[in-house]
Amino acid sequence: MATQPEPRPGIPSLFTQPPPIRDPLVTETTRLQEATVEKCLTFLKGLHPSQTGPFNDTGVPALHREDHVTYLYESLEDYPAGFVAMDASRPWMVYWALAGLALLGEDPTHFRERVLGTLRPMQNATGGFGGGHGQTSHLASSYAAVLALAMVGGAEAFALVDRDAMWRWLGRLKQADGGFSVTEGGEEDVRGAYCASTIIALLDIPLVLPPDATKAREAGFETLTDGLAEYLSRCQSFEGGISGSPGVEAHGAYAFCALACLSILGAPEEIIPKHMNLPLLLSWLSARQYAPEGGFSGRTNKLVDGCYSHWVGGCWPLLQSALDGKPQPSGAPPETVGSLFSRDGLDRYILGCCQTPMGGLRDKPGKSADSYHTCYVLTGLSATQHHHYRTNASISPDSPFASAFSWQASPVAVEESVYESADRLVAFHPLFVIPHQAAANMRIWCESNPIHV
Ligand code: FPP
Ligand code: ZN
Ligand code: K
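This structure is a prediction, so every number in the text was calculated from the model and none was measured.

The next subject is the nonpolar core. As a rule of thumb, nonpolar side chains are buried together in soluble globular proteins. Tyr95, Leu149, Met166, Leu170, Ile272, Phe432 and Ile434 are the most contacted members of the largest nonpolar core, which has 133 residues in total. The element that contributes the greatest number of residues to this core is helix α5 (residues 139-152), accounting for 12 residues. Setting aside its immediate chain neighbours within four residues, Leu149 contacts Val115, Leu116, Leu119, Phe129, Ala157, Phe158, Leu160, Val161 and Met442.

Structure below.
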């Protein structure tokens, strides 16, 4: 029998051995799970030939910062013909690259001219941005476009958005059940709710319903946000997780959309327990983190994936804030319930299993890097490196979004972490998923340049 090579020193046995309890019923699902664990274990133990290190004394490889920076710059260049399907996601490509670069400490404002030139033709006169020039407006591409504009910053970027047309378009997307469809005549789900509320909050879009918000008016609503929290509440499933729309399977990506949307609409400690069964949600969300992998899955009986480092990982600061309660009058971080997930486990999965040898980050070992995973794996790493909390000092104290603009971050001590100080990333706003200052600058500029409706 071949002897198993020893893991690198400093790694707790939780991350070097298969789980002690296994499902006795063997199915395609359990076989895939076991194969994934085996693959991840080699990387977690630091033994895969592609892992060049350096490894620290907790057995964790360094973040290959320069390689990831190069990968993301390259992601904004030309693509071969096989990438034609990405032509409907061009604002996303811009957002993922800029967000990833910002997390890594690069300055996204250098891209201002290029981003303005790229996004300008994608805006439609009837409101919103399409995925490319000549394409129908979609809430997801509009969300990505608005976040990219916030990151490059400056009056010209903020003024590029036709906010009057955006307001009217959002009114036409608002549905009779309180939610938003993602495009006119298209499907309605919690992505729509989150993308719409992000756009409304960052661009200071008037809340009053526009004249042609027919469905919302007929339902008796008066504002774009009426009935939205109640709609999200109906998306909590029997498992305690949150689904894309009422009655279907809970998924981590939708959980983030719903919890971030609620936390835009109100203070987490009030609005989340009011509209969600918190104990059930905590139980489902806790079950998303796996051992030994350390990463998160998106749903029950599925595999870990690096992008859930953000979609699931990003739920934790919001739930922590809900449990911590009202912000301190002093502006100091609150007494906290503490970490609700294993930061070390997630850091080990990200740094050990998600870095690709040529730069860029991935879903899991065996998969290729792409800019979507690079962005959201890094967002998750940044989230583990910071305590996110709210203060009474909102940059928009008198607006309905006072709470959303009151978040602060303080670094988690590197001595208490499995990564090194050189691996530290920039803190992101936990609701808008861009740098804090980028969100603040866009909101402040829009407040001082209101649209009159
Ligand atoms: C399942 O894919 C994934 C989903 C049902 C949701 C995907 C949505 C997002 C990632 C983000 C949406 C958010 C915004 C803001 C647009 P799968 O079956 O391939 O993956 P799984 O096995 O991990 O569930
Ligand atoms: Zn993924
Ligand atoms: K450390």
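This part is about the site of ligand 1. Around ligand 1 lies a shell of 13 residues, among which His251, Arg299, Lys302, Tyr308 and Tyr372 are the nearest. At 2.6 Å, a side-chain N or O of Arg299 approaches an oxygen atom of ligand 1. In this structure, Lys302 approaches ligand 1 through a side-chain N or O atom, which is 2.9 Å from an oxygen atom. Across the shell around ligand 1, the residue classes tally to nine nonpolar, one polar and three charged.

Another point: the pattern of salt bridges. Taken as a whole and judged by the stated rule, the model has 15 salt bridges. Put simply, Arg191 and Asp189 hold a salt bridge, and the shortest N to O gap is 2.8 Å. Look at Asp189 and you get buried, because its relative accessible area is 8%. One network of salt bridges, in which partners are shared, links Glu269, Glu270, Lys326 and Arg390.

As a further point, take the UniProt feature "domain: Prenyltransferase alpha-alpha toroid" (unreviewed entry) in the chain. UniProt records the feature "domain: Prenyltransferase alpha-alpha toroid" (unreviewed entry) for residues 63-400 in the present numbering. Helix makes up 47% of residues 63-400 and strand 1%, and the two end C-alpha atoms of the span are 39 Å apart.

Below, the discussion takes up the coordination of the potassium ion (ligand 3). Only Val414 (O), Ser417 (O) and Tyr419 (O) from the protein reach the potassium ion (ligand 3) as donors, at distances of 2.5 to 2.6 Å. Donor residues binding the potassium ion (ligand 3) come from one chain and are separated in sequence as V-x2-S-x1-Y. Owing to a relative accessible area of 13%, Ser417 belongs among the buried residues under this scheme.

Distances from the zinc ion (ligand 2) to its protein donors, Asp305 (OD), Asp305 (OD), Cys307 (SG) and His373 (NE2), fall within 2.1 to 2.5 Å. Geometry at the zinc ion (ligand 2) is irregular, judged from its four donor atoms and the angles of 57 to 127° they form at the metal. When the donor residues of the zinc ion (ligand 2) are listed from N- to C-terminus, their spacing reads D-x1-C-x65-H. With a gap of 68 residues between them, Asp305 in the loop between α13 (278-286) and α14 (308-311) and His373 in helix α17 (residues 371-384) connect regions that are remote in the sequence. Neither residue differs from the other here; Asp305 and His373 are each classed as buried.

For the rest of this paragraph, the subject is helix α1 (residues 28-44). Because each turn of an α-helix spans 3.6 residues, side chains separated by three or four positions end up pointing in the same direction. Between its terminal C-alpha atoms α1 stretches 24 Å, which fits the 24 Å expected from 17 residues at 1.5 Å a residue. For α1, the set of buried residues is Thr30, Thr36, Val37, Cys40, Leu41, Phe43 and Leu44. Looking down the long axis of α1, one finds its buried residues gathered within 155° of arc, a one-sided arrangement. In α1, the exposed positions angled more than 90 degrees off the buried face are occupied by Glu28 and Arg31. Those residues of α1 that are buried lie in contact with α16 (343-353). Of the residues that open α1, the one with a side-chain oxygen 3.2 Å from the backbone nitrogen of Thr29 is Thr27. Downstream of α1 by a residue or two, Gly46 has a phi angle that is positive, lying close to 75°.

About the thresholds
- Residues numbered from 1 in each chain as written.
- Chains lettered and ligands numbered in written order.
- Predicted model: local features only at pLDDT ≥ 70, side-chain atom pairs only at ≥ 80, totals over all residues.
- Heavy atoms only, no water.
- Core = buried A, V, L, I, M, F, W, Y, C linked by side-chain atoms within 4.5 Å.
- Buried < 20%, exposed > 50% of the residue type's maximum accessible area, 1.4 Å probe, protein only.
- Helix = DSSP H or I, 4+ residues; strand = E, 2+ residues; numbered from the N terminus.
- Contact = heavy atoms within 4.5 Å.
- Near = heavy atom within 4 Å.
- Polar contact = N/O pair within 3.5 Å; in protein donor to acceptor, adjacent residues only side chain to side chain.
- Nonpolar A, V, L, I, M, F, W, Y, C, P; charged D, E, K, R; others polar.
- Salt bridge = Lys/Arg side-chain N within 4 Å of Asp/Glu carboxyl O.
- UniProt positions renumbered as here; feature names shortened; annotations may be inferred.
- Donors = N, O, S within 2.8 Å, 3.2 Å for Na, K, Ca; no water.
- Tetrahedral: all angles 85-135°; square planar, octahedral: opposite > 155°, others 65-115°.
- Expected span 1.5 Å × (residues − 1).
- Arc of directions from axis to C-beta.

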